[in-house]
Amino acid sequence: MIPAAGVVRSPGVSRARRIRDRAFTAGVWACGAIALLPLMLIFAFVIGKGAAALNLDFFTKEPNPPGVPGGGIVQAFIGTGMIMGLAIAFSVPLGLLTGIYLAEYGRGRTAGFVRFIAEILLSTPSIVAGAFVWAVVVVAMGTFSAIAASIALTVLMWPILTRATEEILRLVPDDLREAGLALGLARWRVILRVVVPTAGSGIFTAIMLAVARGMGETAPILLTALGNDFVNTNPGAPTDAVPLRIYFYAGSPVVQFHALAWGGAITLLAAVLVLSITARVLSHRQLKRVH
Amino acid sequence: MERDGSMTDSVVMRASDLENWSTGAPDGARVRNAPAGDIEVVDLNAWFGNHRALRDVNLSINGRAVTAIIGPSGCGKSTLVRCLNRMHEEVRGARVEGKVLFDGRDIYAPDVDPVEIRRRIGMVFQRPNPFPTMSVLDNAVAGLKLVGGLSRSELRERGEWALRAAGLWEEVKDRLHEPGARLSGGQQQRLCIARALAVEPEVLLMDEPASALDPASTLRIEELVQELKERYTVVIVTHNMQQAARVSDWTLFMLYGEVVEFGPTSKLFTRPDDQRTEDYVTGRFG
Amino acid sequence: MGASDAPIVEKAGAPARRRGRTRVGDAVFKGMTRIVAFGLVMLLVLMIGVLAADGVRPFREFGWRFLIGRNWNPVAGRQSFGALPFIYGTVVTSTIAIVLAVPVAVGLALLLNEVARGWLANIVAVLVDLLAAIPSVVFGLWGVFVLQPAMDRTIEPFLANTVGKVPLVGPLFRANVSGGFQGGDVFTAGVILAVMIVPIVTAVGREVVSTVPRDLREAALALGSTRFEMVRMAVLPYSRSGIVGASMLGLGRALGETIAVAMVVGNSLGIHVSLFNGGYTIPAVIANEFREASSEGLHKASLLALALILIAIALMFAALSRLLVRRSAALVSGGPAPPATELARLEGAA
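Scoring rules and cut-offs
- Residues numbered from 1 in each chain as written.
- Chains lettered and ligands numbered in written order.
- Predicted model: local features only at pLDDT ≥ 70, side-chain atom pairs only at ≥ 80, totals over all residues.
- Heavy atoms only, no water.
- Contact = heavy atoms within 4.5 Å.
- Salt bridge = Lys/Arg side-chain N within 4 Å of Asp/Glu carboxyl O.
- Polar contact = N/O pair within 3.5 Å; in protein donor to acceptor, adjacent residues only side chain to side chain.
- Helix = DSSP H or I, 4+ residues; strand = E, 2+ residues; numbered from the N terminus.
- Nonpolar A, V, L, I, M, F, W, Y, C, P; charged D, E, K, R; others polar.
- Pairing = 2+ DSSP bridges.
- Buried < 20%, exposed > 50% of the residue type's maximum accessible area, 1.4 Å probe, protein only.
- Arc of directions from axis to C-beta.
- Axes fitted to C-alpha atoms, helices over the stretch in contact; angles between N-to-C directions.
- Patch = residues over 30% accessible without salt bridge, like charges linked within 9 Å, V, L, I, M, F, W, Y side chains within 5 Å.
- Areas by Shrake-Rupley, 256 points an atom, 1.4 Å probe, with all protein chains shown as cover.
- Buried area = accessible area lost by both parts, 1.4 Å probe.
- pLDDT = per-residue confidence, 0-100.
- Core = buried A, V, L, I, M, F, W, Y, C linked by side-chain atoms within 4.5 Å.

**Quick notes on the interface of chain C and chain B**
At the interface, 29 residues of chain C touch 33 residues of chain B. Our enumeration of links across chain C and chain B arrives at three salt bridges. Across the pair Glu 218 of chain C and Arg 82 of chain B runs a salt bridge whose closest N-O atoms are separated by 2.5 Å. The interface formed by chain C and chain B holds six residue pairs in polar contact (both at pLDDT 80 or more) in total. At the level of elements, helix H4 (84-115), helix H8 (214-222), helix H9 (227-256) and helix H13 (340-349) of chain C are the ones that each hand at least two residues to the side of chain C that touches chain B. Here the element with the most residues in the side of chain C that touches chain B is H8 of chain C; it accounts for eight residues. Broken down by class, the residue content of the side of chain C that touches chain B amounts to 17 nonpolar, five polar and seven charged.

**A few points about the sheet that holds strand S4 (residues 94-102) of chain B**
All names here are of chain B. Pairing is antiparallel across the open sheet formed by four strands, whose spatial order is S2-S1-S4-S5. Edge positions in the open sheet fall to strand S2 (51-61) and strand S5 (105-106), since each of these has one partner strand only. Pairing between strand S1 (residues 39-48) and S4: eight bridges, direction antiparallel. Directly across from Glu 40, in S4, lies its bridge partner Leu 101.

**Some thoughts on the pattern of salt bridges**
Per the stated rule, a full pass over the model turns up 40 salt bridges over all chains. Between Glu 119 of chain A and Arg 163 of chain A there is a salt bridge whose closest N-O contact spans 2.9 Å. In this pair, Glu 119 of chain A sits in helix H4 (residues 108-121) while Arg 163 of chain A sits in helix H6 (residues 146-171), placing the two residues 44 residues apart along the sequence. With respect to burial, Glu 119 of chain A and Arg 163 of chain A carry one shared label: buried. Here the salt bridges share partners, and the residues they tie into one network are Arg 115, Glu 119, Arg 163, Glu 166, Glu 167 and Arg 170 of chain A together with Glu 207, Arg 322 and Arg 326 of chain C.

**Looking at helix H8 (residues 187-198) of chain A**
Owing to its 3.6 residues per turn, the α-helix aligns residues three or four sequence positions apart on the same side. Burial in H8 of chain A covers these residues: Val 190, Ile 191, Val 194 and Val 195 of chain A. Seen end-on, H8 of chain A carries its buried residues on one side only, within an arc spanning 125 degrees.

**Describing the sheet that holds strand S3 (residues 66-70) of chain B**
Residues and elements named next belong to chain B. Taken together, the six strands give an open sheet; going across it, the order is S6-S7-S8-S3-S9-S10, and neighbouring strands pair in mixed fashion. Each end of this open sheet is capped by a strand with a single partner; those strands are strand S6 (121-124) and strand S10 (258-264). Averaged over all pairs of adjacent strands, the angle between their axes in this sheet comes to 15 degrees, without regard to strand direction. Two elements, strand S7 (residues 203-207) and strand S8 (residues 233-237), share five bridges in a ladder whose sense is parallel. Looking at the pairing, Met 206 lines up with Ile 236 of S8. Sheet contacts for helix H8 (residues 185-198): S6 and S7; angle to S6, the most-contacted strand, approximately 170 degrees.

**With respect to the side chain of Lys 300 of chain C**
Its place among the elements puts Lys 300 of chain C in helix H12 (residues 298-332). Those residues in contact with Lys 300 of chain C that sit more than four places away from it in its chain are Trp 134 of chain A together with Phe 290, Ala 293, Ser 294 and Ser 295 of chain C.

**Brief notes about a nonpolar patch on the surface**
On the surface, Val 166, Leu 168, Val 169, Leu 172 and Val 273 of chain C cluster together to form a nonpolar patch covering roughly 450 Å² of accessible area. Counting through the fold element by element, Val 166 of chain C comes out in the loop between helix H6 (136-161) and helix H7 (186-210).

**Remarks on the interface of chain C and chain A**
With 86 residues of chain C at the interface, the matching set in chain A holds 82 residues. Summing the contributions of chain C and of chain A, the shared interface buries around 7500 Å²; its carbon and sulfur component is 81%. The three residues of chain C that bury the most area against chain A are Phe 29, Leu 40 and Arg 291 of chain C, which together make up 10% of that side's buried surface. Scanning the region where chain C abuts chain A turns up four salt bridges. Asp 129 of chain C serves as the salt-bridge partner of Arg 280 of chain A, at 2.4 Å between the closest nitrogen and oxygen.

**A word on the confidence of the model for chain A**
Overall, the prediction assigns chain A a mean pLDDT of 90, with 94% of residues at 70 or greater. Here residues 3-10 of chain A is modelled with pLDDT under 50, and outside its nearest four sequence neighbours on either side it reaches 15 contacts, counting other chains as well.

**Here we look at the nonpolar core**
Judged by nonpolar contacts, the single largest core of 248 residues is most densely connected at Phe 131 of chain B together with Phe 66, Ile 286 and Leu 306 of chain C. Top contributing element to this core by residue count: H12 of chain C, with 17 residues. Residues within four places of Phe 131 of chain B in sequence aside, it is in contact with Asn 139, Ala 142 and Arg 195 of chain B together with Leu 216, Ala 219, Ala 220, Leu 223, Met 233, Ala 234 and Tyr 238 of chain C. Ranked by size, the runner-up nonpolar core spans 47 residues in total, among them Ala 68, Val 136, Ala 165 and Leu 204 of chain B.

Written out as structure tokens, the structure is:
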């Protein structure tokens, strides 16, 4: 038998509880506003100041000497293109293969260890990657170069691609793998012909995000590509890059260069955002297809 | 509480309809004077995104009795019970239309706070879910602490009362400060019942409370349900027809989100009106 | 190519040979992925090894004085390398970043996972992701031309007039050594860092919060808890160590952030109490001096030693963070429960 309750029924939700709940709701929304305020301000200033700096010369000319107005940073665009092209060529195969190892073969402690290393390598300070590649590549080559810069970016992009590839491959249902194996296909063929193509757009997304990240990096390039005021197309020689140019010009006492810095910022930001947003849209679609 | 006039009429109509065939109801279930935790469900529809989980459900649940909801998986029985204390809307993309009158007041009216409704209409879930970092005693009084205003000794007293009410006191009185997660599965589920009872709800909703338990623990829960109906309105969802037959006074059979048949348990299991009910209770499908 | 393309006649006699080929192909491909995967581990080993090869020289030369020395002078003949100003600047800017960013990030994680629903929540989530995508140098540019002037003219004088008068914390918010608020300073750098790490701390925070099972949330709601009480009762207790982990990851990122900090921190060697003074951080000094540093003397070796310290600390925090986030997930998925005594203590406090 159930004994009788000792206390009268409690009243409804008290005022104090309601107020605390409202304060909590208001507080978390305020956190959202606080976090997004800088975003809005940065967008506003980069667009406002950057748009004014854009013209045909900006994309086609080298910088003018101080005192001569106009000019552009074409050498930085070419340099960034060259560095990113090489970085993609190095990091994508490495990242994909490591991701495949973790997702398809990775069982047990060894794989867990590799996964853990990949995870913490995501936190490698970018300047350290630059110093490391300087000590290895720049010293060996005897010169700063686009190649050295792309290797420094590879150090940063490899773990990013690894983690992203692994996660995407894990979304591919096991039935597909089994279906492939049941057809008599070798495991490696199943991976390359069934699993990877199924995850195709997801992997493409991962590459876009890694490129977006690499493209904006300044510190590692500073220690490896050095920068260059003139167009250089030799990957073995000192090369300019857009983020590097922004950094130099932001610190320059010459006011005309500040406009070029803002122009660089708006182009860089636009490129990075286009990559990130497209990647988001694609991955959203990919998720919808899997589910 | 103001109520829409036409609404009241329709409720009265339904209540009187019910009177006609409820004569066979077990005693104790028919005390209808004081508000006794009666629930009227009126034209209730519920959705998960685009999927319509409930279709025009109308139903009158009697206070101080046990109502069982049976039906095959996916028939909407869990959704229905979760609509009775406004838990359904906590699922992303979920939506409800219609009315649920609790002691005559629509719990979906705009001025009604779901928090208050949930305190008055308690719930026990399919899987025992004690708070893992809280002790046995703290789990039992977790809901009371929210309301506040009770001293430590009062809390302990109420905790003991709830644990006794859930038939758990003798087993845990020496381990009140151990983590609730360390109890056995059946004990954890009774701890969850104690936690729900401690805030003194008027109704206890149980969503397949014994489905994750062994037969001995299941039996203990069923005994407990029998004791609880003296004080509470109990609505129990179960996929186990024997269980429904054993514990309930009233049984509701659902199919594809619709009410097929609702009546006294003895009648529904022996002389159902609907062929589909008969097929289901005799095990011909589902 | 594939077995299915092979003519039927061949199939009868082929299996053994094909199986052999399959096995070789599998072994080669698997071996290749494994070598590359271990290459990633080797990269870390190599990175530390290479930095240490030169980086130990200042320690050999100066011993522990390298870490506690306040004098950093690369001029030949008067060379002296003491890293304390950089260590101090790095710790102070990162601390400011964590203090400002963690509450906001936790609030954001709760907003996105527990409170906001529908399109508005999606928009906020997308925008926070975009914040993470902004390159460091763009933060720096904005910092130099927008934030720093605003700090110098408005925010810092305001703080000095208000918080600066409060005992205990007051001295942190006073005019700088030249008596004003002009120039880059560690506070501005800390604020920029805070903005930069909010997305990562939010992302990990959301990951942590989402591991709390729905069971527990529903248990709390069904007892008649408000949303706030549900968060306090069912979400935060199981997220605590994970949130610490998220903060550590943010701290690791803040410590290593280079360009944006180098642009606004003032790059001056002094160690001062007031946060409105210029400072210097480890990444900033590497960025500024590395290219000019001579490989002969101790200058470059000292910078490499700083890089070594930096990566050691950053990776340590990253590792610690991962372990804490995992522990947080294990706790809710029925891992070992914490000892009862500790629980009794927590109850007493509650």
